[in-house]
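Here's the letter readout for the chains.
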Amino acid sequence: MTGYTMLRNGGVGNGGQTCVLRWSNRIRLTWLSFTLFIILVFFPLIAHYYLTTLDEADEAGKRIFGPRAGNELCEVKHVLDLCRIRESVSEELLQLEAKRQELNSEIAKLNLKIEACKKSIENAKQDLLQLKNVISQTEHSYKELMAQNQPKLSLPIRLLPEKDDIGLPPPKVLRSCRLHNCFDYSRCPLTSGFPVYVYDSDQFAFGSHLDPLVKQAFQATARANVYVTENADIACLYVILVGEMQELGVLRPADLEKQLYSLPHWRTDGHNHVIINLSRKSDTQNLLYNVSTGRAMVAQSTFYAAQYRPGFDLVVSPLVHAMSEPNFMEIPPQVPVKRKYLFTFQGEKIESLRSSLQEARSFEEEMEGDPPADYDDRIIATLKAVQDSKLDQVLVEFTCKNQPKPSLPTEWALCGEREDRLELLKLSTFALIITPGDPRLVISSGCATRLFEALEVGAVPVVLGEHVQLPYQDVLQWSEAALVVPKPRVTEVHFLLRSLSDSDLLAMRRQGRFLWETYFSTADSIFSTVLAVIRTRIQIPAAPIREEAAAEIPHRSGKAAGTDPNMADNGDLDLGPVETEPPYASPKYLRNFTLTVTDFYRSWNSAPGPFHLFPHTPFDPVLPSEAKFLGSGTGFRPIGGGAGGSGKEFQASLGGNVPREQFTVVMLTYEREEVLMNSLERLNGLPYLNKVVVVWNSPKLPSEDLLWPDIGVPIMVVRTEKNSLNNRFLPWNEIETEAILSIDDDAHLRHDEIMFGFRVWREARDRIVGFPGRYHAWDIPHQSWLYNSNYSCELSMVLTGAAFFHKYYAYLYSYVMPQAIRDMVDEYINCEDIAMNFLVSHITRKPPIKVTSRWTFRCPGCPQALSHDDSHFHERHKCINFFVKVYGYMPLLYTQFRVDSVLFKTRLPHDKTKCFKFI
């Protein structure tokens, strides 16, 4: 207790224990440090000494830690792998070094060869330059030789007479005017292009009396004519419209003559002028009968013999239709050939002796001879006897039920209204046209109106009276469309009409329809025909038909086109040499300035039936390229063709009658860029391909980043004004070849098939040659035509989605074919291929040619086209029936003919009917 108290109170005892504790702590730290020093210093020394003495043992095999040789170290088991790796790496390094030295030597050799090649290239360039110089010198020498051996021929200098130049001296009698004494050829050189100046009738006093409809139609067609010019100083021909007048007798002949002589370019006698008097009514009077027309030509529908100057004046058709195009829905079909009545006639003869001849004694005094015999009584008795015989159903009426139309004396007046007369003619196989009893009346408006109406509805005209002057008689062969019978043979008319075969009758009806559409139907056709006749008479070549200017869409190309093995692999077929020459165009058709007699009446061997016409029609089928299709041949033996032979000889030549020829692909597309690019790539390497014209039918331009493939030939992308399937057949000026391959953007054809189709077309240039065939059929229950695409052994159409045709048909389709057909195509966005088949069959009277056994040509995996729509076939049914109405008959012809190569392998399914194959 006391001790505790002492410690607690800090006594002596407590301070002693504290010192002891401190001293013991210091001793422990010192000892611990010394022990660690001994362990860390002396222990390694002892270990080193021990190991060293151990390593110096006598037995060498027990030395473990002593220094050893390199080979001895590898004897350790865990180091053996590392040693092997080192040795392998050393060997590889040695081998790489050897290869490096070898490559260095090869590089040195190649560098020597490169230098040698560079030297040879330089030498070749020098040789090429020398050859070019030699060729240039040779061409220059050739031109010099040609210039020396050929006389220099330049265009004739055009002589333009002064305004008041009278020109040739007038003939003693103006009624004896002909081209050689009343026409100034100096104003119409061969190279002039036949410029025509048309007076504005409103600037003259008689213009206010003209029929407004006639004047408006004439002015519209004059503005659109290719020959009309506004520069009167260079004009070859001057045209003035003087009729028809709104009312008869409003203008006296003396006043009209005075106004004609006051025309700015009349030059005292009116040479090189054409006075046109168009009639719309059958009672149109002879406005120019008592008018002295000088040396001006007269074109009208009524002429007296004392007034008409053969080979100088023109008999024109009356202007019945002023519309732009006839209404084809009102025109009856051309078949059946035989109609209800064999022939019909309705008319009433005016017995009055009043005549315009009595108003001009000067003309009466010049008429000589006794009055001709009047055959009208005999005609009436004969035709009534035929009607009463009941051998054939005939309708003849010599008294009008209503008031007859006004007409000239001795002329048979028209009965009833125009609509009533047309309804009767639609039931008539033949239409009788009795010429006026006075032979001095060579043609009248009434006769011309009867002729117009008969041709319009397909009744073959039978003209009684050989003295009549039919419209454009000096350039048209009326014997192919009408029968002209002298009046004394009226008793033989019945026999003559019954003797005509159905084929001849149909040919005459078809030719009459062609003449009516081309030369009579509208104001444009009448005006164009008048100019064409005069131009033909003075032997000036026609202006070439216009081509469609292609508005190119800029595009980037350069994408390397791949080669589809399915497209380029021809298998066992070798259809001709693969050309390496650059694209070249077909020879241009350049007509010279010489005319022969055969040109005036040219019968086209390739276009029988409705295409017998003189060469200078209003639309003038004189194309900028095509000599062989219009002519008779090339006149030389081609190289590479016509040599005969087989096997290797056949394969080494293209064949046909043209030594060198290519074709142009025209591809219509609409916003299917991926499909289009794939189709273009498939054309890579296609032989005989000149260029590709892509008709871009969409208002939306192609994508700016679209990269077009490089297929080795130019690709022309053409922009169209509107989305129309008719754009497929426009005669683009970029098409420089006669052969056109029309192909859809999703068509899938092999190269050998295209080459074979091209070779077939070259031997049938006037026909459509293609792959997918179709046919038309008659639907008996509905009495209409149907379009059929089923597999069949017979066909009548070849779809133009994959077909060859001549560029000539592109002009006819776009500029000559009735506009109603193109409007139908635009309305349905369909049927353009059917329209082209109708056109070619109508012109040639031949069916198309199908090649290979393929029935479809769509590419696998492509988006569905318009043809997959259910309404597609219904629209095509309507198109066929409408086209038949426009043409008046069914022009399509059936064929079981198909052209296959002798090496072409035909695969027919077992469930399909086998067809005969013609080789």
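Look above for the structure.
What you see is a predicted model; the values in this text were computed from it and never measured. Every residue gets a number counted from 1 within its own chain, in the order that chain's sequence is written. Local features are withheld for residues below a pLDDT of 70 in this predicted model, meaning they are given only at 70 or higher, and side-chain atom pairs are given and counted only at 80 or more; totals for whole chains, interfaces and linings count all residues. For side-chain calculations, the full set of non-hydrogen atoms in the structure is used, while hydrogens and water are omitted.

## A short note on the overall build of the chain
Phase 1 of the analysis: Helix and strand counts for the chain stand at 23 helices and 28 strands.
Phase 2 of the analysis: Throughout, a contact is declared for two residues whenever any of their heavy atoms are within 4.5 Å. Sequence-distant contacts in the chain: of pairs separated by 6 or more residues, those separated by 24 or more amount to 79%.
Phase 3 of the analysis: Entry remark: accessible area of the chain is about 48,500 Å², with carbon and sulfur atoms responsible for 56%. Each helix is a run of H or I in the DSSP string that is no shorter than four residues. Each strand is a run of E no shorter than two, and both are numbered from the N terminus. With residues, only the protein chains shown are counted as cover, and all accessible areas are computed by Shrake-Rupley using a 1.4 Å probe.

## Some details on the state of the cysteines
Phase 1 of the analysis: Any pair of cysteine sulfurs within 2.5 Å is marked as a disulfide. Per the counting criterion, the structure on display carries 4 disulfides.
Phase 2 of the analysis: What pairs with Cys400 in a disulfide is Cys415, and their sulfur atoms sit 1.7 Å apart. Torsion about the S-S bond of the Cys400 and Cys415 cystine: about -70 degrees, corresponding to left-handed handedness. In this pair, Cys400 is assigned in the loop between β9 (395-397) and β10 (412-413) and Cys415 in the loop between β10 and α10 (418-425), connecting sequence segments 15 residues apart.

## A look at the packing of aromatic side chains
Phase 1 of the analysis: Whether two aromatic rings pair depends on their centres lying within 6.5 Å, for rings of Phe, Tyr and Trp, where Trp uses its six-membered ring; planes under 30 degrees apart make the pair stacked, over 60 edge-to-face, and the rest tilted. Under the criterion given, the structure shown has 31 aromatic pairs.
Phase 2 of the analysis: Geometrically, the ring pair formed by Trp478 and Phe520 is stacked, given 5.8 Å between the ring centres and 5 degrees between the ring planes. One end of the pair, Trp478, is in the loop between β13 (460-464) and β14 (483-485); the other, Phe520, is in helix α13 (residues 502-520), with 42 residues separating them in the sequence.
Phase 3 of the analysis: Relative accessible area decides the class of each residue, using a 1.4 Å probe on protein chains only: under 20% of the type maximum gives buried, over 50% gives exposed, and in between gives partly exposed. Given the relative accessible area of 5%, Trp478 is considered buried.
Phase 4 of the analysis: The rings of Tyr197, Tyr199, Phe204, Phe206 and Tyr238 are connected pair by pair, giving a single aromatic cluster.
Phase 5 of the analysis: Across from the ring centre of Tyr889, 5.4 Å away, lies the NZ or CZ of Arg510, which sits over that ring. Only when the NZ of Lys or the CZ of Arg is both within 6 Å of the ring centre and within 35 degrees of the ring normal is a charge said to sit over the ring.

## Notes on the sheet that holds β14
In a beta sheet, neighbouring strands pair by backbone hydrogen bonds and run either parallel or antiparallel.
Phase 1 of the analysis: For two strands to be treated as a pair, DSSP must find no fewer than two bridges joining them. Spatially, β9-β7-β11-β13-β14 is the arrangement adopted by the 5 strands of the open sheet, whose pairing is parallel. Looking at the sheet topology across the chains shown, the edges are occupied by β9 and β14. Recorded for the sheet is a direction-independent mean angle of 20 degrees between the axes of neighbouring strands.
Phase 2 of the analysis: The pairing of β13 with β14 spans 3 bridges and is parallel. The residue of β14 that forms the bridge with Leu464 is Val485.
Phase 3 of the analysis: Packed on one face of the sheet, helix α9 (residues 376-389) meets β7 (341-346), β9, β11 (428-434) and β13 and runs near 160 degrees to β11.
Phase 4 of the analysis: Contacts between helix α11 (residues 445-457) and the sheet are confined to β7, β11 and β13, with β11 contributing the most and set at about 170 degrees to the helix. Angles shown run from 0 to 180 degrees and are taken between the N-to-C directions of axes, each axis being a line fitted to C-alpha atoms and, for helices, limited to the stretch in contact.

## Here's the deal with the nonpolar core
Phase 1 of the analysis: Ranked by size, the top nonpolar core spans 134 residues in total, and within it Phe194, Val239, Tyr472 and Phe883 carry the most contacts.
Phase 2 of the analysis: Setting aside its immediate chain neighbours within four residues, Phe883 contacts Ile821, Met824, Val825, Cys831, Ile834, Ala835 and Phe838.
Phase 3 of the analysis: Among buried residues, those of type Ala, Val, Leu, Ile, Met, Phe, Trp, Tyr and Cys that are joined through side-chain atoms within 4.5 Å constitute a nonpolar core. Membership of the second largest hydrophobic core comes to 39 residues, among which are Phe663, Met677, Ile715 and Ile743.

## Comments concerning unusual backbone geometry
Phase 1 of the analysis: Look at the link from Gly243 to Glu244: it is a cis peptide, with omega at 25 degrees.
Phase 2 of the analysis: Inspection of the secondary structure assignment puts Glu244 in the loop between β2 (237-243) and α7 (253-261).
Phase 3 of the analysis: With an omega dihedral of 5 degrees, the bond running from Val335 to Pro336 counts as a cis peptide bond.

## Some remarks on the packing of α13 against helix α14 (residues 523-537)
Phase 1 of the analysis: Axis separation between α13 and α14 bottoms out at 6 Å; the angle between their running directions is 85 degrees. Classified by the angle their axes make, α13 and α14 are roughly perpendicular. Facing Glu517, Thr518, Tyr519 and Phe520 of α13, the residues of α14 in contact are Ser525, Ile526 and Thr529.
Phase 2 of the analysis: When its residues are assigned to classes, the contact of α13 with α14 shows 3 nonpolar, 3 polar and 1 charged. Orientation is classified from the angle alone, with under 35 degrees giving roughly parallel, over 145 giving roughly antiparallel, 65 to 115 giving roughly perpendicular, and any other angle giving oblique. By the convention adopted, Pro, Cys, Tyr, Trp, Phe, Met, Ile, Leu, Val and Ala count as nonpolar, Lys, Arg, Asp and Glu as charged, and the other residues, Gly among them, as polar.

## Details of the sheet that holds strand β24 (residues 784-788)
Phase 1 of the analysis: Strand order in the open sheet formed by 3 strands is β24-β23-β25, and the pairing between neighbours is antiparallel. Of all the strands in the sheet, just β24 and β25 (797-798) have a single pairing partner and so form its edges.
Phase 2 of the analysis: Here strand β23 (residues 773-779) runs beside β24; their pairing, made up of 5 bridges, is antiparallel. Across the sheet, residue His776 finds its bridge partner in β24, namely Tyr787.
Phase 3 of the analysis: This element, helix α23 (residues 871-887), spans β23, β24 and β25 of the sheet and lies at about 135 degrees to β24.

## Focus: the pattern of salt bridges
Side-chain pairs of opposite charge can arise where the charged atoms are in close proximity.
Phase 1 of the analysis: Salt bridges are identified by distance alone: a Lys or Arg side-chain nitrogen within 4 Å of an Asp or Glu carboxyl oxygen. Per the stated rule, a full pass over the model turns up 36 salt bridges.
Phase 2 of the analysis: A salt bridge links Glu661 to Arg765; the shortest N-O distance between them is 2.8 Å. In this pair, Glu661 sits in the loop between α17 (648-651) and β17 (663-669) while Arg765 sits in the loop between α19 (751-762) and β22 (769-770), placing the two residues 104 residues apart along the sequence. Neither residue differs from the other here; Glu661 and Arg765 are each classed as buried.
Phase 3 of the analysis: Arg876 is the salt-bridge partner of Asp833, the closest N and O atoms lying 2.8 Å from each other. With Asp833 in helix α22 (residues 832-844) and Arg876 in helix α23, this pair connects stretches of sequence that are 43 residues apart. A single burial state applies to Asp833 and to Arg876, both of which are buried.

## Section: the side chain of Asp313
Phase 1 of the analysis: When you line up the elements, Asp313 lands in the loop between β5 (303-304) and β6 (314-315).
Phase 2 of the analysis: Taking the relative accessible area as the measure of exposure, Asp313 reaches 1% and is therefore buried.
Phase 3 of the analysis: We define a polar contact as two N or O atoms separated by no more than 3.5 Å, with the added condition that, inside protein, one atom must be a possible hydrogen donor and the other a possible acceptor, whereas residues neighbouring each other in sequence contribute only through side-chain atom pairs. Among the polar contacts listed, one links the side chain of Asp313 to the backbone nitrogen of Val298, at a separation of 2.9 Å.
Phase 4 of the analysis: Polar side-chain contacts of Asp313 include one of 2.9 Å to the side chain of Arg309.
Phase 5 of the analysis: Residues in contact with Asp313, not counting those within four places in the same chain, are Ala296, Met297, Val298, Phe303, Gln307, Tyr308 and Arg537.

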